[in-house]
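Okay, here's what each chain looks like letter by letter:
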Amino acid sequence: MAQHHSRNGSLDELIEREEAAFVDRMPLSRQRWERAKRVMPGGVASSWAISRPLPVWVSHGLGGHVWDVDGTEYVDMHGGYGVNVVGHANPAVVEAVQARVALGTHFAQPTDDSIVVAEALATRFGLPLWRFTNSGTEATMDAFHLMRAITGRSLVIKIEGTYHGHHDATAVSLYRSTEQLGPVDDPYRVPGPGVPQQMADLLRIVPFNDIDALERVFAAHPGEIAGMILEPMMMNAGIIPPRPGYLEAVREITRRHGALLTFDEVKTGLVVHPGGVTALLGVQPDIVCLAKALGGGVPCGAIGGTAEVMAAITDGVYDQVGTFNGNPLTMAAARAVLTEVLTPDVYARAEDLGRVMLEGSMKALADHGQPSYGAVYGFKGSVVFHDRPATNYREFLAISTAVSHFHFLVQHNGGVFLPPWGKSESWTLSVAHNEADGERYVANVARLATEVEPILDRSSDIFGSGSFN
Ligand SMILES: Cc1ncc(COP(=O)(O)O)c(C=O)c1O
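Summary of the structure given here. As the structure is a computational prediction, the values presented were derived from the model and not from experiment.

Structural notes on the sheet that holds strand β14 (residues 427-428)
Pairing between the strands of a sheet comes from backbone hydrogen bonds, and it takes one of two forms, parallel or antiparallel.
Then comes step 1: Strand order in the open sheet made by the 3 strands is β11-β12-β14, with antiparallel pairing throughout. The open sheet has two edge strands with one neighbour each: β11 (373-377) and β14.

Here it is, written out as C-alpha coordinates:
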(Lines give C-alpha, C1' and ligand atoms only; values in the text may rest on other atoms or scores of the structure.)
Protein backbone atom coordinates (compact mmCIF):
# COMPACT_ATOMS: atom_id res chain seq x y z
CA MET A 1 0.00 0.00 0.00
CA ALA A 2 1.50 3.32 -1.04
CA GLN A 3 1.51 6.18 1.43
CA HIS A 4 -1.35 8.62 0.82
CA HIS A 5 -0.45 12.09 2.01
CA SER A 6 -2.84 15.00 2.26
CA ARG A 7 -3.54 18.02 4.37
CA ASN A 8 -4.77 15.63 7.09
CA GLY A 9 -1.85 13.26 6.85
CA SER A 10 -1.74 9.75 5.49
CA LEU A 11 -3.80 6.63 5.88
CA ASP A 12 -0.91 5.25 7.92
CA GLU A 13 -1.32 8.18 10.31
CA LEU A 14 -5.05 7.57 10.61
CA ILE A 15 -4.37 3.93 11.41
CA GLU A 16 -1.76 4.89 13.98
CA ARG A 17 -4.23 7.24 15.67
CA GLU A 18 -7.02 4.60 15.78
CA GLU A 19 -4.60 1.95 17.07
CA ALA A 20 -3.50 4.27 19.87
CA ALA A 21 -7.16 4.87 20.86
CA PHE A 22 -7.79 1.11 20.71
CA VAL A 23 -4.91 0.35 23.08
CA ASP A 24 -5.80 3.22 25.42
CA ARG A 25 -9.28 1.79 25.89
CA MET A 26 -7.94 -1.55 27.07
CA PRO A 27 -5.49 -1.42 29.98
CA LEU A 28 -6.85 -4.68 31.41
CA SER A 29 -6.58 -6.56 28.12
CA ARG A 30 -3.02 -5.29 27.84
CA GLN A 31 -2.26 -6.50 31.36
CA ARG A 32 -3.61 -9.96 30.58
CA TRP A 33 -1.68 -10.08 27.35
CA GLU A 34 1.61 -9.40 29.13
CA ARG A 35 0.88 -12.20 31.60
CA ALA A 36 -0.34 -14.62 28.91
CA LYS A 37 2.75 -14.09 26.75
CA ARG A 38 4.82 -15.74 29.48
CA VAL A 39 2.92 -19.02 29.11
CA MET A 40 1.38 -18.98 25.61
CA PRO A 41 3.23 -18.14 22.38
CA GLY A 42 1.95 -14.73 21.29
CA GLY A 43 -0.14 -14.69 24.45
CA VAL A 44 -3.11 -16.44 22.83
CA ALA A 45 -4.60 -19.92 22.44
CA SER A 46 -4.84 -19.72 18.63
CA SER A 47 -2.83 -17.42 16.37
CA TRP A 48 -6.10 -16.22 14.89
CA ALA A 49 -7.06 -14.67 18.22
CA ILE A 50 -4.32 -12.09 17.72
CA SER A 51 -5.56 -8.78 16.47
CA ARG A 52 -3.48 -5.72 15.69
CA PRO A 53 -2.63 -3.78 17.82
CA LEU A 54 -3.75 -5.95 20.75
CA PRO A 55 -5.69 -9.18 21.36
CA VAL A 56 -8.95 -8.28 23.10
CA TRP A 57 -9.81 -10.29 26.22
CA VAL A 58 -13.53 -10.97 26.33
CA SER A 59 -15.35 -11.39 29.62
CA HIS A 60 -18.80 -12.46 28.42
CA GLY A 61 -21.45 -12.28 25.73
CA LEU A 62 -25.22 -12.06 25.64
CA GLY A 63 -27.34 -12.19 22.51
CA GLY A 64 -25.76 -9.99 19.85
CA HIS A 65 -23.35 -8.30 22.27
CA VAL A 66 -20.00 -9.00 23.94
CA TRP A 67 -18.08 -7.24 26.71
CA ASP A 68 -14.32 -7.00 27.02
CA VAL A 69 -12.53 -7.27 30.37
CA ASP A 70 -12.26 -3.47 30.52
CA GLY A 71 -16.05 -3.33 30.60
CA THR A 72 -16.65 -2.03 27.07
CA GLU A 73 -19.76 -3.35 25.35
CA TYR A 74 -19.71 -4.16 21.61
CA VAL A 75 -22.20 -5.27 19.01
CA ASP A 76 -20.62 -8.60 18.13
CA MET A 77 -20.35 -9.14 14.38
CA HIS A 78 -17.18 -11.21 14.73
CA GLY A 79 -19.35 -14.07 15.95
CA GLY A 80 -16.29 -16.10 16.91
CA TYR A 81 -15.32 -16.43 13.22
CA GLY A 82 -18.83 -17.12 12.07
CA VAL A 83 -19.90 -19.48 14.85
CA ASN A 84 -22.36 -17.52 16.96
CA VAL A 85 -25.33 -17.28 14.63
CA VAL A 86 -27.54 -18.33 17.54
CA GLY A 87 -26.25 -15.39 19.61
CA HIS A 88 -24.38 -15.65 22.89
CA ALA A 89 -25.92 -17.66 25.68
CA ASN A 90 -28.92 -18.47 23.55
CA PRO A 91 -31.53 -19.79 26.04
CA ALA A 92 -32.30 -22.94 24.03
CA VAL A 93 -28.61 -23.85 23.75
CA VAL A 94 -27.92 -22.99 27.39
CA GLU A 95 -30.78 -25.20 28.52
CA ALA A 96 -29.74 -28.12 26.29
CA VAL A 97 -26.09 -27.94 27.38
CA GLN A 98 -26.93 -27.52 31.08
CA ALA A 99 -29.23 -30.53 30.98
CA ARG A 100 -26.58 -32.61 29.24
CA VAL A 101 -23.74 -31.62 31.58
CA ALA A 102 -25.69 -33.03 34.51
CA LEU A 103 -26.12 -36.33 32.68
CA GLY A 104 -22.46 -36.84 31.79
CA THR A 105 -20.63 -35.34 28.84
CA HIS A 106 -18.54 -38.10 27.36
CA PHE A 107 -18.83 -41.84 26.88
CA ALA A 108 -17.38 -42.45 23.38
CA GLN A 109 -20.66 -44.25 22.77
CA PRO A 110 -23.58 -42.87 20.76
CA THR A 111 -26.33 -40.83 22.39
CA ASP A 112 -29.86 -40.06 21.17
CA ASP A 113 -29.17 -36.47 20.14
CA SER A 114 -26.75 -37.61 17.43
CA ILE A 115 -29.60 -39.31 15.56
CA VAL A 116 -31.75 -36.16 15.64
CA VAL A 117 -28.82 -34.03 14.43
CA ALA A 118 -27.96 -36.40 11.58
CA GLU A 119 -31.62 -36.58 10.53
CA ALA A 120 -31.91 -32.78 10.48
CA LEU A 121 -28.71 -32.39 8.44
CA ALA A 122 -29.84 -35.06 5.97
CA THR A 123 -33.06 -33.13 5.37
CA ARG A 124 -31.35 -29.76 5.06
CA PHE A 125 -28.44 -30.75 2.82
CA GLY A 126 -29.99 -33.57 0.78
CA LEU A 127 -27.21 -35.99 1.74
CA PRO A 128 -28.45 -39.08 3.57
CA LEU A 129 -25.56 -40.04 5.85
CA TRP A 130 -23.59 -38.06 8.42
CA ARG A 131 -20.66 -38.48 10.78
CA PHE A 132 -19.30 -36.04 13.34
CA THR A 133 -15.94 -34.45 14.07
CA ASN A 134 -14.69 -31.78 16.47
CA SER A 135 -13.67 -29.07 14.01
CA GLY A 136 -13.81 -27.98 10.41
CA THR A 137 -10.22 -29.12 9.96
CA GLU A 138 -11.17 -32.67 10.93
CA ALA A 139 -14.19 -32.60 8.62
CA THR A 140 -12.19 -31.60 5.54
CA MET A 141 -9.42 -34.05 6.48
CA ASP A 142 -12.01 -36.83 6.43
CA ALA A 143 -13.22 -35.54 3.06
CA PHE A 144 -9.69 -35.76 1.59
CA HIS A 145 -9.29 -39.29 2.97
CA LEU A 146 -12.67 -40.39 1.63
CA MET A 147 -12.08 -38.96 -1.86
CA ARG A 148 -8.71 -40.71 -2.08
CA ALA A 149 -9.75 -43.98 -0.42
CA ILE A 150 -12.82 -44.39 -2.64
CA THR A 151 -11.23 -43.53 -5.99
CA GLY A 152 -7.77 -44.96 -5.32
CA ARG A 153 -6.36 -41.75 -6.84
CA SER A 154 -4.04 -39.22 -5.19
CA LEU A 155 -4.51 -35.79 -6.75
CA VAL A 156 -7.07 -33.34 -5.39
CA ILE A 157 -8.10 -30.04 -6.97
CA LYS A 158 -8.26 -27.02 -4.70
CA ILE A 159 -9.26 -23.42 -5.34
CA GLU A 160 -6.50 -20.81 -5.23
CA GLY A 161 -6.47 -18.93 -1.93
CA THR A 162 -9.12 -20.92 -0.09
CA TYR A 163 -8.68 -22.19 3.45
CA HIS A 164 -10.00 -25.61 4.44
CA GLY A 165 -8.32 -26.01 7.83
CA HIS A 166 -4.78 -26.59 9.02
CA HIS A 167 -4.05 -30.21 8.10
CA ASP A 168 -1.27 -31.12 5.66
CA ALA A 169 -3.45 -32.09 2.71
CA THR A 170 -4.78 -28.59 2.22
CA ALA A 171 -2.43 -26.08 3.89
CA VAL A 172 -1.11 -24.94 0.52
CA SER A 173 -1.03 -21.66 -1.45
CA LEU A 174 -2.75 -19.65 1.25
CA TYR A 175 -2.62 -15.92 1.92
CA ARG A 176 0.10 -15.40 -0.71
CA SER A 177 0.92 -12.31 -2.70
CA THR A 178 0.45 -12.30 -6.46
CA GLU A 179 4.19 -12.92 -7.02
CA GLN A 180 4.19 -15.91 -4.69
CA LEU A 181 1.19 -17.42 -6.46
CA GLY A 182 3.09 -17.86 -9.75
CA PRO A 183 1.64 -18.01 -13.26
CA VAL A 184 -2.16 -17.83 -13.40
CA ASP A 185 -2.47 -20.89 -15.65
CA ASP A 186 -0.08 -23.00 -13.57
CA PRO A 187 0.07 -21.61 -10.03
CA TYR A 188 2.89 -22.59 -7.69
CA ARG A 189 1.99 -25.08 -5.01
CA VAL A 190 3.44 -23.41 -1.95
CA PRO A 191 3.15 -25.54 1.21
CA GLY A 192 2.48 -23.83 4.52
CA PRO A 193 5.33 -23.90 7.07
CA GLY A 194 5.83 -27.45 8.34
CA VAL A 195 4.01 -29.03 5.40
CA PRO A 196 6.23 -31.10 3.08
CA GLN A 197 6.37 -30.10 -0.59
CA GLN A 198 5.33 -33.68 -1.39
CA MET A 199 1.92 -32.99 0.16
CA ALA A 200 1.53 -29.77 -1.78
CA ASP A 201 2.41 -31.61 -4.99
CA LEU A 202 -0.67 -33.79 -4.55
CA LEU A 203 -2.85 -30.73 -5.15
CA ARG A 204 -3.77 -28.96 -8.35
CA ILE A 205 -4.71 -25.31 -7.88
CA VAL A 206 -7.36 -23.57 -9.98
CA PRO A 207 -8.90 -20.09 -9.67
CA PHE A 208 -12.47 -19.85 -8.37
CA ASN A 209 -15.12 -19.27 -11.04
CA ASP A 210 -12.87 -20.57 -13.84
CA ILE A 211 -14.29 -23.55 -15.71
CA ASP A 212 -11.62 -23.60 -18.44
CA ALA A 213 -8.85 -23.96 -15.86
CA LEU A 214 -10.71 -26.88 -14.32
CA GLU A 215 -11.15 -28.59 -17.68
CA ARG A 216 -7.42 -28.10 -18.38
CA VAL A 217 -6.38 -29.77 -15.10
CA PHE A 218 -8.61 -32.77 -15.71
CA ALA A 219 -7.32 -33.06 -19.29
CA ALA A 220 -3.72 -33.00 -18.05
CA HIS A 221 -4.29 -35.76 -15.47
CA PRO A 222 -6.63 -38.36 -16.90
CA GLY A 223 -7.68 -40.93 -14.29
CA GLU A 224 -5.47 -39.35 -11.59
CA ILE A 225 -7.80 -36.94 -9.83
CA ALA A 226 -9.59 -38.22 -6.75
CA GLY A 227 -11.79 -35.18 -6.30
CA MET A 228 -12.18 -31.48 -5.87
CA ILE A 229 -12.78 -29.47 -2.70
CA LEU A 230 -14.17 -25.96 -2.73
CA GLU A 231 -16.15 -23.50 -0.73
CA PRO A 232 -19.17 -23.15 -3.00
CA MET A 233 -19.11 -19.46 -2.05
CA MET A 234 -15.66 -18.15 -1.14
CA MET A 235 -15.76 -16.79 2.40
CA ASN A 236 -12.16 -15.98 3.28
CA ALA A 237 -11.80 -13.29 0.63
CA GLY A 238 -14.71 -11.16 1.69
CA ILE A 239 -17.62 -12.97 0.06
CA ILE A 240 -17.16 -14.16 -3.50
CA PRO A 241 -20.27 -15.86 -4.85
CA PRO A 242 -20.06 -18.42 -7.63
CA ARG A 243 -20.86 -17.09 -11.11
CA PRO A 244 -24.20 -18.34 -12.47
CA GLY A 245 -23.63 -21.85 -13.80
CA TYR A 246 -20.19 -22.30 -12.21
CA LEU A 247 -21.18 -24.87 -9.58
CA GLU A 248 -23.33 -26.75 -12.08
CA ALA A 249 -20.33 -26.97 -14.42
CA VAL A 250 -18.03 -28.11 -11.59
CA ARG A 251 -20.54 -30.82 -10.76
CA GLU A 252 -20.75 -32.01 -14.36
CA ILE A 253 -16.99 -32.00 -14.99
CA THR A 254 -16.06 -33.82 -11.77
CA ARG A 255 -18.71 -36.46 -12.43
CA ARG A 256 -17.59 -36.89 -16.05
CA HIS A 257 -14.07 -37.65 -14.83
CA GLY A 258 -15.10 -40.04 -12.05
CA ALA A 259 -13.89 -37.59 -9.39
CA LEU A 260 -15.72 -36.79 -6.15
CA LEU A 261 -16.93 -33.30 -5.28
CA THR A 262 -16.68 -31.87 -1.76
CA PHE A 263 -18.35 -28.64 -0.71
CA ASP A 264 -16.62 -27.14 2.30
CA GLU A 265 -19.55 -25.46 4.00
CA VAL A 266 -17.77 -24.92 7.31
CA LYS A 267 -18.46 -21.20 7.03
CA THR A 268 -21.52 -21.12 4.81
CA GLY A 269 -23.49 -24.12 6.10
CA LEU A 270 -26.49 -23.17 8.28
CA VAL A 271 -25.44 -19.52 7.87
CA VAL A 272 -26.31 -18.36 4.37
CA HIS A 273 -29.38 -20.62 4.23
CA PRO A 274 -30.78 -23.44 6.41
CA GLY A 275 -29.18 -25.96 4.02
CA GLY A 276 -26.08 -23.95 3.12
CA VAL A 277 -25.08 -23.06 -0.43
CA THR A 278 -25.92 -26.65 -1.34
CA ALA A 279 -29.63 -26.03 -0.81
CA LEU A 280 -29.51 -22.32 -1.71
CA LEU A 281 -28.19 -22.96 -5.21
CA GLY A 282 -29.37 -26.55 -5.62
CA VAL A 283 -26.14 -28.21 -6.73
CA GLN A 284 -25.57 -31.53 -4.99
CA PRO A 285 -21.98 -32.48 -4.10
CA ASP A 286 -20.87 -35.95 -3.01
CA ILE A 287 -19.60 -34.69 0.35
CA VAL A 288 -20.44 -31.69 2.56
CA CYS A 289 -18.23 -30.52 5.45
CA LEU A 290 -19.73 -28.51 8.30
CA ALA A 291 -18.49 -27.02 11.59
CA LYS A 292 -18.68 -23.53 13.16
CA ALA A 293 -22.39 -22.57 13.47
CA LEU A 294 -23.55 -26.17 13.91
CA GLY A 295 -22.51 -26.35 17.58
CA GLY A 296 -23.98 -23.03 18.67
CA GLY A 297 -20.65 -22.15 20.31
CA VAL A 298 -19.52 -25.64 21.32
CA PRO A 299 -16.63 -27.22 19.31
CA CYS A 300 -18.09 -29.26 16.47
CA GLY A 301 -17.79 -30.60 12.95
CA ALA A 302 -19.71 -32.88 10.62
CA ILE A 303 -19.28 -34.64 7.32
CA GLY A 304 -22.20 -35.69 5.15
CA GLY A 305 -22.12 -37.88 2.08
CA THR A 306 -24.07 -39.80 -0.51
CA ALA A 307 -24.90 -43.44 0.14
CA GLU A 308 -22.05 -44.43 -2.24
CA VAL A 309 -19.47 -42.27 -0.46
CA MET A 310 -20.52 -43.21 3.06
CA ALA A 311 -20.53 -46.92 2.13
CA ALA A 312 -16.74 -46.62 2.42
CA ILE A 313 -17.25 -45.95 6.13
CA THR A 314 -20.04 -48.49 6.62
CA ASP A 315 -17.94 -51.19 4.91
CA GLY A 316 -14.77 -50.36 6.84
CA VAL A 317 -12.82 -49.20 3.77
CA TYR A 318 -12.23 -45.96 5.68
CA ASP A 319 -12.43 -45.73 9.45
CA GLN A 320 -13.81 -42.32 10.31
CA VAL A 321 -12.80 -41.98 13.97
CA GLY A 322 -12.15 -39.68 16.90
CA THR A 323 -12.48 -40.03 20.67
CA PHE A 324 -14.72 -36.99 20.93
CA ASN A 325 -16.73 -37.45 17.71
CA GLY A 326 -20.43 -37.04 18.42
CA ASN A 327 -19.61 -35.79 21.90
CA PRO A 328 -22.89 -35.61 23.87
CA LEU A 329 -22.39 -31.97 24.80
CA THR A 330 -21.90 -30.97 21.16
CA MET A 331 -24.79 -33.11 20.02
CA ALA A 332 -27.13 -31.59 22.63
CA ALA A 333 -26.13 -28.09 21.53
CA ALA A 334 -26.43 -28.96 17.82
CA ARG A 335 -29.86 -30.46 18.36
CA ALA A 336 -31.06 -27.22 19.96
CA VAL A 337 -29.45 -25.18 17.17
CA LEU A 338 -31.13 -27.18 14.42
CA THR A 339 -34.53 -27.83 15.93
CA GLU A 340 -35.13 -24.70 18.02
CA VAL A 341 -32.99 -21.76 16.90
CA LEU A 342 -31.83 -21.81 13.28
CA THR A 343 -35.25 -22.69 11.93
CA PRO A 344 -35.91 -21.71 8.30
CA ASP A 345 -37.93 -18.62 9.26
CA VAL A 346 -35.01 -16.76 10.91
CA TYR A 347 -32.91 -16.26 7.78
CA ALA A 348 -35.01 -13.61 6.01
CA ARG A 349 -34.89 -11.23 8.99
CA ALA A 350 -31.09 -11.44 9.21
CA GLU A 351 -30.78 -10.92 5.48
CA ASP A 352 -33.08 -7.87 5.61
CA LEU A 353 -30.96 -6.35 8.37
CA GLY A 354 -27.79 -7.13 6.42
CA ARG A 355 -29.19 -5.41 3.32
CA VAL A 356 -30.03 -2.28 5.31
CA MET A 357 -26.44 -2.29 6.65
CA LEU A 358 -24.96 -2.76 3.19
CA GLU A 359 -27.10 -0.11 1.52
CA GLY A 360 -26.54 2.39 4.34
CA SER A 361 -22.79 1.81 4.22
CA MET A 362 -22.52 2.10 0.46
CA LYS A 363 -24.54 5.30 0.52
CA ALA A 364 -22.37 6.81 3.27
CA LEU A 365 -19.26 5.97 1.26
CA ALA A 366 -20.71 7.26 -2.00
CA ASP A 367 -21.67 10.54 -0.28
CA HIS A 368 -17.95 11.03 0.33
CA GLY A 369 -16.86 10.04 -3.15
CA GLN A 370 -15.81 6.51 -2.31
CA PRO A 371 -16.76 3.46 -4.34
CA SER A 372 -17.71 0.23 -2.64
CA TYR A 373 -19.61 -2.97 -3.17
CA GLY A 374 -20.78 -5.81 -0.99
CA ALA A 375 -22.83 -8.93 -0.58
CA VAL A 376 -25.39 -10.27 1.88
CA TYR A 377 -26.36 -13.92 2.24
CA GLY A 378 -28.40 -14.87 5.29
CA PHE A 379 -26.41 -14.01 8.41
CA LYS A 380 -23.27 -13.14 6.42
CA GLY A 381 -22.40 -9.95 4.69
CA SER A 382 -19.60 -7.58 3.87
CA VAL A 383 -18.87 -4.10 2.64
CA VAL A 384 -15.77 -4.00 0.47
CA PHE A 385 -13.80 -0.81 -0.04
CA HIS A 386 -13.21 -1.27 -3.72
CA ASP A 387 -15.06 -0.38 -6.87
CA ARG A 388 -15.36 -3.76 -8.55
CA PRO A 389 -16.40 -7.13 -7.12
CA ALA A 390 -13.60 -9.68 -7.00
CA THR A 391 -14.43 -12.98 -8.68
CA ASN A 392 -11.39 -14.90 -7.46
CA TYR A 393 -8.47 -14.69 -5.04
CA ARG A 394 -6.06 -12.76 -7.30
CA GLU A 395 -8.63 -10.06 -7.89
CA PHE A 396 -9.32 -9.95 -4.15
CA LEU A 397 -5.63 -9.15 -3.55
CA ALA A 398 -6.13 -5.79 -5.27
CA ILE A 399 -8.38 -4.61 -2.41
CA SER A 400 -6.65 -2.29 0.04
CA THR A 401 -5.46 -4.12 3.14
CA ALA A 402 -4.80 -0.80 4.88
CA VAL A 403 -8.31 0.60 4.43
CA SER A 404 -9.77 -2.72 5.57
CA HIS A 405 -7.65 -2.66 8.74
CA PHE A 406 -8.63 0.97 9.32
CA HIS A 407 -12.27 -0.16 9.03
CA PHE A 408 -11.74 -2.86 11.67
CA LEU A 409 -10.26 -0.24 14.03
CA VAL A 410 -12.97 2.36 13.41
CA GLN A 411 -15.69 -0.23 13.99
CA HIS A 412 -14.01 -1.49 17.16
CA ASN A 413 -13.45 1.97 18.59
CA GLY A 414 -17.07 2.69 17.64
CA GLY A 415 -18.45 -0.33 19.52
CA VAL A 416 -18.74 -2.97 16.79
CA PHE A 417 -16.54 -6.06 17.07
CA LEU A 418 -15.60 -7.40 13.64
CA PRO A 419 -13.20 -10.27 12.84
CA PRO A 420 -9.69 -8.83 13.05
CA TRP A 421 -8.59 -9.96 9.61
CA GLY A 422 -9.82 -6.93 7.72
CA LYS A 423 -10.60 -7.61 4.13
CA SER A 424 -10.55 -11.40 4.39
CA GLU A 425 -13.54 -11.62 6.68
CA SER A 426 -17.17 -10.58 6.71
CA TRP A 427 -19.78 -9.85 9.36
CA THR A 428 -21.73 -12.59 11.06
CA LEU A 429 -25.09 -11.54 12.47
CA SER A 430 -27.13 -13.63 14.88
CA VAL A 431 -30.80 -14.17 15.59
CA ALA A 432 -30.39 -11.61 18.40
CA HIS A 433 -29.14 -8.66 16.32
CA ASN A 434 -31.50 -5.77 15.69
CA GLU A 435 -31.82 -2.52 13.75
CA ALA A 436 -29.96 -0.47 16.38
CA ASP A 437 -26.98 -2.82 16.00
CA GLY A 438 -27.03 -2.33 12.24
CA GLU A 439 -27.25 1.45 12.67
CA ARG A 440 -24.13 1.45 14.83
CA TYR A 441 -22.24 -0.38 12.08
CA VAL A 442 -23.40 2.08 9.41
CA ALA A 443 -22.55 5.09 11.61
CA ASN A 444 -19.01 3.76 11.90
CA VAL A 445 -18.71 3.31 8.14
CA ALA A 446 -19.92 6.90 7.77
CA ARG A 447 -17.16 8.05 10.13
CA LEU A 448 -14.61 6.11 8.07
CA ALA A 449 -15.89 7.77 4.92
CA THR A 450 -15.50 11.21 6.49
CA GLU A 451 -12.01 10.43 7.80
CA VAL A 452 -10.75 9.05 4.52
CA GLU A 453 -12.27 11.65 2.19
CA PRO A 454 -9.58 14.31 2.69
CA ILE A 455 -6.83 11.85 1.82
CA LEU A 456 -8.65 10.37 -1.13
CA ASP A 457 -6.39 10.77 -4.10
CA ARG A 458 -8.49 9.86 -7.09
CA SER A 459 -5.49 8.71 -9.09
CA SER A 460 -4.39 6.35 -6.32
CA ASP A 461 -5.60 2.89 -5.39
CA ILE A 462 -6.81 3.83 -1.94
CA PHE A 463 -10.24 2.50 -2.76
CA GLY A 464 -9.24 0.65 -5.87
CA SER A 465 -8.39 2.00 -9.29
CA GLY A 466 -10.84 -0.22 -11.09
CA SER A 467 -8.19 -2.55 -12.42
CA PHE A 468 -7.25 -5.81 -10.82
CA ASN A 469 -3.76 -7.08 -11.42
C1 LIG B 1 -13.99 -22.86 4.89
C2 LIG B 1 -13.31 -23.39 6.10
N3 LIG B 1 -13.01 -24.70 6.17
C4 LIG B 1 -12.42 -25.22 7.26
C5 LIG B 1 -12.07 -24.45 8.33
C6 LIG B 1 -11.41 -25.04 9.52
O7 LIG B 1 -12.28 -25.09 10.59
P8 LIG B 1 -11.71 -25.18 12.09
O9 LIG B 1 -11.07 -23.89 12.41
O10 LIG B 1 -12.93 -25.48 12.91
O11 LIG B 1 -10.74 -26.32 12.10
C12 LIG B 1 -12.36 -23.08 8.31
C13 LIG B 1 -11.99 -22.20 9.45
O14 LIG B 1 -12.07 -21.02 9.41
C15 LIG B 1 -12.99 -22.53 7.16
O16 LIG B 1 -13.26 -21.22 7.07
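Observations concerning the site of the ligand
Then comes step 1: Around the ligand, a shell composed of 14 residues is seen, among which Ser135, Gly136, Thr137, Gly165 and Val266 lie nearest.
Then comes step 2: For the shell around the ligand, the element with the most residues is helix α6 (residues 136-151), which contributes 3 residues.
Then comes step 3: Here the residues of the shell around the ligand sort into 4 nonpolar, 7 polar and 3 charged.

Describing the nonpolar core
Then comes step 1: With 125 residues, the main nonpolar core has Ala143, Val156, Leu294, Ala333 and Val337 as its most contacted residues.
Then comes step 2: Shared between two domains, this core holds at least three residues of each, these being domain 1 (11-76 + 345-455) and domain 2 (91-341).
Then comes step 3: Not counting residues within four places of it along the chain, the set of residues in contact with Ala333 comprises Val93, Ala96, Val97, Gly295, Gly296 and Val298.

Re the pairing of strand β8 (residues 260-264)
Then comes step 1: Taking burial as the measure, the 5 residues of β8 include 5 buried ones, the bulk of the element.
Then comes step 2: Burial along β8 is two-sided: Leu260, Thr262 and Asp264 and Leu261 and Phe263, pointing in opposite directions, are all buried.
Then comes step 3: Pairing of strand β7 (residues 225-230) with β8 involves 4 bridges; the strand directions are parallel. When the sheet's bridge partners are listed, Leu230 is paired in β8 with Phe263.
Then comes step 4: Handedness of the crossover joining β7 and β8 through helix α10 (residues 246-256) is recorded here as right-handed.
Then comes step 5: Judged from the 3 bridges that link them, β8 and strand β9 (residues 287-290) form a sheet pairing that is parallel. Paired with Asp264 across the strands is Cys289, a residue of β9.
Then comes step 6: Chirality of the crossover, the property in question, places the unit of β8, helix α11 (residues 276-281) and β9 among those that are right-handed.

Details of the sheet that holds strand β6 (residues 203-206)
Then comes step 1: Overall, mixed pairing links the 7 strands, which are arranged β4-β10-β9-β8-β7-β5-β6 in an open sheet. Both outer strands of the open sheet, β4 (129-133) and β6, are each paired with one neighbouring strand and no more. Averaged over neighbouring strand pairs, the angle between their axes works out to 20 degrees when direction is ignored.
Then comes step 2: Pairing geometry for β4 and strand β10 (residues 301-305), over 5 bridges, is antiparallel. Residue Trp130 lies in a different strand from β10, and its bridge partner there is Gly304.
Then comes step 3: Lying over the sheet, α10 contacts β7 and β8, oriented at roughly 145 degrees with respect to β8.

What counts, and at which threshold
Residues numbered from 1 in each chain as written. Predicted model: local features only at pLDDT ≥ 70, side-chain atom pairs only at ≥ 80, totals over all residues. Pairing = 2+ DSSP bridges. Helix = DSSP H or I, 4+ residues; strand = E, 2+ residues; numbered from the N terminus. Near = placed C-beta within 6 Å. Nonpolar A, V, L, I, M, F, W, Y, C, P; charged D, E, K, R; others polar. Core = buried A, V, L, I, M, F, W, Y, C linked by C-beta atoms within 7 Å. Buried ≥ 20, exposed ≤ 12 C-beta atoms within 10 Å, placed from the backbone. Domains from an automatic or database assignment. Contact = placed C-beta atoms within 7 Å. Right-handed = clockwise from strand over helix to strand, strands pointing away. Axes fitted to C-alpha atoms, helices over the stretch in contact; angles between N-to-C directions.

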